[in-house]
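Structural characterization, general
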Amino acid sequence: MREPKDAGRRAGLDSGQAAPSAGNEEIRVALSTSAVYPSRAPHAFQAAAELGYDGVEVMVWSDRSSQNARALQDLSAQYGVPVTSIHAPSLVLSQNVWGRLPGPKLERSVDLALEVGASTVVVHPPFRWQRRYAHGFAEHVHELTTATGLRVAVENMFPWQVRGRKVNAYLPGWDPTDRDYENITLDLSHAAVARQDGLELLRRIGDRVSHLHLADGVPSIMDQHLVPGRGTQPCAQVLRELAGTGWSGDVVVEVQTRKAPSAEHVRADLAAALDFARAHLRAGANERRRARDLTTATPTV
């Protein structure tokens, strides 16, 4: 494995953006650039700034600005919104971005995160046809995490449906629960497709959940990425539980808006998702404070 550029530099130091610290009750809520697809990264930064998001997660795809550190730094400065995380080009539609080899693409994503001051890199597990990459994937992720201090967080996926049959399209599998990953991105829409309960999944993974993709879903063969509260996943309970434990990761709104009938509907959905996240994070933090106050209060005699 080649060392990434700036190996050993802690996330965010050059940009002045501090990574979340343990015990921080103000969990950041960022907007994924995929939430404005097919619009490009500048639109996501503008929407994040206007709606009051705390940051942006950049999905690296064919949009040139999503691949370029200088372009992202300029957008961040223009709109006053930091890049909190980078999503490596792991989708089928981004197979040709930065070449065909998935290992070097993950390393370039780590380099990009370091350059823009992001604290997390999200990556999908390897596809079944990427056998050589899959063989050393867990070790590669661990080495990148150790070398840079970034959270390289492997995302939970789901089985594919092919001609009515469930197919495991990932190696070593789509469920990261029993895998040796130090950091995991919990995606609630993916949990819905996999017929998993997001809250139970959170509890199974435990403190290895370092990143949350917030979107709702219903049991389906399609990954829906609904606005939270519009599906059957326990989005509210997951947010409250994370905030109630003093979690130090980021929440990223990753809803799908490409079928929205107008720009006004897109804006309304992104605003609703942010309001939902903030309300339930606040409720969880308040419950934690009340519990802490009860345990520290001096008993009366």
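Everything in this summary refers to the structure shown in the same document. From a predicted model like this one, the values you see are computed outputs, not experimental measurements.

Reading guide: rules and limits
Residues numbered from 1 in each chain as written. Predicted model: local features only at pLDDT ≥ 70, side-chain atom pairs only at ≥ 80, totals over all residues. Heavy atoms only, no water. Axes fitted to C-alpha atoms, helices over the stretch in contact; angles between N-to-C directions. Helix = DSSP H or I, 4+ residues; strand = E, 2+ residues; numbered from the N terminus. Parallel < 35°, antiparallel > 145°, perpendicular 65-115°, else oblique. Left-handed = near helix turned anticlockwise from the far one by under 90°. Contact = heavy atoms within 4.5 Å. Nonpolar A, V, L, I, M, F, W, Y, C, P; charged D, E, K, R; others polar. Phe/Tyr/Trp six-rings, centres within 6.5 Å; stacked < 30°, edge-to-face > 60°. Buried < 20%, exposed > 50% of the residue type's maximum accessible area, 1.4 Å probe, protein only. Pairing = 2+ DSSP bridges.

**Notes on the packing of helix H1 (residues 41-51) against helix H9 (residues 263-296)**
Packed helices, taken two at a time, are described by the angle between their axes plus the distance between the axes. Two numbers describe how H1 lies on H9: the axes approach to 11 Å, and their chain directions differ by 55°. Regarding the angle of H1 to H9, the classification is oblique. Every pair of crossing elements has a handedness; the one defined by H1 and H9 is right-handed. On the side of H1, the interface is formed by Ala 47, Glu 50 and Leu 51, while H9 contributes Arg 267, Leu 270, Ala 271 and Leu 274. Classifying every residue of the contact of H1 with H9 by side-chain character gives five nonpolar, no polar and two charged.

**Points about the packing of aromatic side chains**
Taken as a whole, this structure holds eight aromatic pairs when the rule is applied. Measuring from ring centre to ring centre gives 4.5 Å for Phe 127 and Trp 129, while their planes differ by 10°; the resulting arrangement is stacked. The exposure class of Trp 129 is exposed, given its relative accessible area of 52%. Here a set of aromatic residues connected by ring pairs shows up, and it is made of Phe 127, Trp 129, Trp 160 and Tyr 170.

**Side note on the pairing of strand E8 (residues 184-187)**
Both faces of E8 are covered, namely the face carrying Ile 184 and Leu 186 and the face carrying Thr 185 and Asp 187. Of the pairings in the sheet, the one linking strand E5 (residues 151-155) to E8 comprises two bridges and is parallel in character. From the neighbouring strand, Glu 155 faces E8, where its bridge partner is Thr 185. Note that E8 and strand E9 (residues 209-214) share four bridges and pair parallel. Note that in E9 the partner of Leu 186 across the bridge is Leu 212.

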